[in-house]
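Summary of structural features
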2 protein chains.
Amino acid sequence: MSRRGQPNVSTPERRQVILAAALACFDEFGVAATTVDQIRDQARCSIGSLYHHFGGKEGVASALFIEGISDLNAGLLLRLEACASAEEGVRTVVLHYADWVSRQPQLARFLLHSREIHFAPEAKSELKAIYQRHFGAVFSWFGRFVLRGEMKQLPPETYIPIISGPIEDYARLWLSGRTRTPLAEVAEVFAEAAWNAVRAR
Amino acid sequence: MSRRGQPNVSTPERRQVILAAALACFDEFGVAATTVDQIRDQARCSIGSLYHHFGGKEGVASALFIEGISDLNAGLLLRLEACASAEEGVRTVVLHYADWVSRQPQLARFLLHSREIHFAPEAKSELKAIYQRHFGAVFSWFGRFVLRGEMKQLPPETYIPIISGPIEDYARLWLSGRTRTPLAEVAEVFAEAAWNAVRAR
DNA sequence: ATCACATTAGAATTTAATTCTAGAATATGC
DNA sequence: GCATATTCTAGAATTAAATTCTAATGTGAT
């Protein structure tokens, strides 16, 4: 089934099992506090296997991070393509984020609470490429509305914080259990606030 | 100089030396990657001393976190008391944050990038008390303007993300070196956006 | 069947965190 | 000014975790 020198079929499954086990541990104990052995237990694999596929805890965390970010980004672009106005686009950015976090709270918690990962050089450049591609696409989508004068002209690096910052901040709050009101119930408020902050008037 | 059973004079200095050393290490290597020995080297103290005062790396990180948050909060309240209008208050929240982060980038980086600290129960409840006191004061300051109809009436837990979320998000960006434009240059934009998002219209 | 390589396993090693015991410093009561 | 209670400092000893390494096994290609 596979060519010489290529991974066999079961490999992707094994990787996924390890990633899932790691996410469960990270979520329960925190990235710093989970041990490689805990992941190994949960994934029912050997140390050797884990190190072979990911090179250690950092490697597992990196892979999980990249997988999560990619999924989040891909989903947004898909929904954004279907929007017809600046307002719809801005609202979609906020609402998609709220949806995604509500649906994958564990993964979201991991992405938001883990600025402590030490990516290996390759992971770092892969991430950089992902970000560039994604934000490039998003900016090119919104760009025309700024040109048409439907959105405020602002320093480019301020759009993302202004539009996404609040819902992200609230998501952090909700994910950490410090507020009960579900994202879905307040997402509209943030969508509205984001649009008010960037609409031309 | 000190009473029986009480810490001697040099103790506070020693604690500060250790905290400063830890901050430098955390900033250079990340919290997870710095070892207790690195902190000990930098602080020129013994393991015993470090464990005596803080009980370990987590303890040092907790103390640093509480110290940082307290300083940030105290500064804001001070400036807020001097404000006369809702708009001035909202702008002050944003601008003070920008100022503080610009002035203490290392400490700010530590506060923002360290959601991975496992606080001991006492530290946890101390933090909780600090937050309650602080946000209680801030909400009581702003409350009247909502009542007077000068600010929008919104779900209470959404004000902080809406007002502070964007500048916080941008601060993260700037602190991680992914953008060059200094906070001071864009702070006005965020202050303006925050006010637009919460003003009654 | 046999080869090349990916994969798995777990023992051995290395490295870091934490505990523990003892001694030095400090301020006070007498 | 000496006895004493207590804090503080030091670093060796211990424990726990991360990582490396060697050998064995599985898999598909030829």
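Refer to the preceding data block for the structure.
Remember, it's a predicted structure, so these values are computed and weren't measured experimentally.

Turning our attention to the interface of chain B and chain A. Of the residues lining the interface, 37 residues belong to chain B; the matching set on chain A comes to 37 residues. Three residues, Arg115(B), Glu116(B) and Glu157(B), lead the burial of chain B against chain A; their summed loss comes to 21% of the area buried on that side. One can count 0 salt bridges joining chain B with chain A. At the boundary of chain B and chain A, one finds 8 residue pairs in polar contact (both at pLDDT 80 or more). Elements with a minimum of two residues in the side of chain B that touches chain A: helix 6 (105-113), helix 8 (159-175) and helix 9 (183-198) of chain B. Here the side of chain B that touches chain A takes 10 residues from helix 8 of chain B, the largest share from any one element. Along the lines of polarity and charge, the residues of the side of chain B that touches chain A split into 19 nonpolar, 9 polar and 9 charged.

Residue and element names in this part refer to chain B. Here Ile117 lies in the loop between helix 6 and helix 7 (121-147). Under the relative-accessibility criterion, Ile117 is labelled buried at 10%. Along the primary structure Ile117 and Glu58 are separated by 59 residues, whereas in three dimensions their C-alpha atoms are 6.6 Å apart. If sequence neighbours within four positions are ignored, Ile117 has contacts with Glu58, Ala61, Ser62, Phe65 and Phe110.

This brings us to the pattern of salt bridges. Residues and elements named next belong to chain A. In the structure shown here, the tally under the stated rule is 20 salt bridges over all chains. Of the charged contacts, one joins Asp37 and Arg40 as a salt bridge, the two residues approaching to 3.3 Å between their closest N and O atoms. Of the two residues, Asp37 and Arg40 both sit in helix 2 (residues 36-43), 3 residues apart, roughly one turn of that helix. Take Arg40: its relative accessible area is 23%, and that puts it in the partly exposed class. One salt bridge in this structure joins Asp41 and Arg40, with 2.9 Å as the shortest N-O distance. Look at the salt bridges and you will find they share partners, linking Glu87, Arg91, Glu188 and Glu192 into a network.

The subject of this paragraph is the nonpolar core. Counting residues in hydrophobic clusters, the biggest one holds 136 residues, and the most contacted among them are Phe110(A), Met151(A), Phe110(B) and Met151(B). The contact partners of Phe110(B), leaving out residues within four places of it in the chain, are Leu23(B), Phe26(B), Val31(B), Ala61(B), Leu64(B), Phe65(B) and Ile117(B).

This part takes up the packing of helix 5 (residues 86-103) of chain B against helix 9 of chain B. Residues and elements named next belong to chain B. One way to put it is that helix 5 packs onto helix 9 with a least axis distance of 9 Å and a crossing angle of 150°. With respect to helix 9, the element helix 5 is oriented roughly antiparallel. Remark: the crossing between helix 5 and helix 9 carries right-handed chirality. Contact with helix 5, carried on its side by Ala86, Glu87, Val90, Arg91, Val94, Leu95, Ala98, Val101 and Ser102, involves Leu183, Ala187, Glu188, Phe190, Ala191, Glu192, Ala194, Trp195 and Val198 of helix 9 and no other residues of that element. When grouped by side-chain class, the residues that make up the contact of helix 5 with helix 9 number 13 nonpolar, 1 polar and 4 charged.

The next thing to look at is the relation of the copies chain B and chain A. Of the two same-sequence chains, chain B is brought onto chain A (RMSD 0.0 Å, axial shift 0.0 Å) by a rotation of 180°. Here the copies are linked by what is in effect a two-fold axis. Closest approach to the rotation axis within chain B is made by the C-alpha atom of Gly165(B), at a distance of 2.4 Å. A shared binding surface is used by both copies, with 100% of the interface residues of chain B retained as interface residues in chain A.

Parameters and conventions
- Every chain is numbered on its own, with residues counted from 1 as its sequence reads.
- To read the labels, note that chains go from A and ligands from 1, taken in the order they are written.
- A pLDDT threshold of at least 70 governs which residues receive local features in this predicted model, and a stricter bar of 80 or more applies before side-chain atom pairs are shown or counted, although totals over entire chains, interfaces and linings include all residues.
- Here the side-chain values reflect all heavy atoms present in the structure, with hydrogen atoms and water set aside.
- Here, residues are in contact when the closest pair of their heavy atoms is within 4.5 Å.
- The buried area of a pairing is the accessible area, by a 1.4 Å probe, that goes missing from both parts when the two are put together, added over both.
- Every case where a carboxyl oxygen of Asp or Glu lies within 4 Å of a side-chain nitrogen of Lys or Arg is listed as a salt bridge.
- Any pair of N or O atoms that falls within 3.5 Å is considered a polar contact. Within protein, one atom must be able to donate a hydrogen and the other to accept it, and sequence-neighbouring residues count only if both atoms are side-chain atoms.
- Secondary structure elements follow DSSP: runs of H or I of four or more residues count as helices, runs of E of two or more count as strands, with numbering from the N terminus.
- Side-chain classes are defined by residue name, with Ala, Val, Leu, Ile, Met, Phe, Trp, Tyr, Cys and Pro counting as nonpolar, Asp, Glu, Lys and Arg as charged, and the others, Gly among them, as polar.
- Burial status follows relative accessibility: with a 1.4 Å probe on protein chains alone, a residue under 20% of its type maximum counts as buried, one over 50% as exposed, and anything between as partly exposed.
- Among the buried residues, those of types Ala, Val, Leu, Ile, Met, Phe, Trp, Tyr and Cys that are joined through side-chain atoms within 4.5 Å form a nonpolar core.
- Here an angle of 0 to 180 degrees is reported between the N-to-C directions of two axes, which are lines fitted to C-alpha atoms, with helices fitted over the stretch in contact.
- For classification purposes, an angle smaller than 35 degrees is called roughly parallel, one larger than 145 roughly antiparallel, one from 65 to 115 roughly perpendicular, and anything else oblique.
- Crossings are classed by handedness, with left-handed meaning an anticlockwise turn of the near helix from the far one by less than a right angle and right-handed meaning a clockwise turn.
- Here the copies were fitted onto each other by least squares, based on C-alpha atoms from residues at pLDDT of at least 70 in both.

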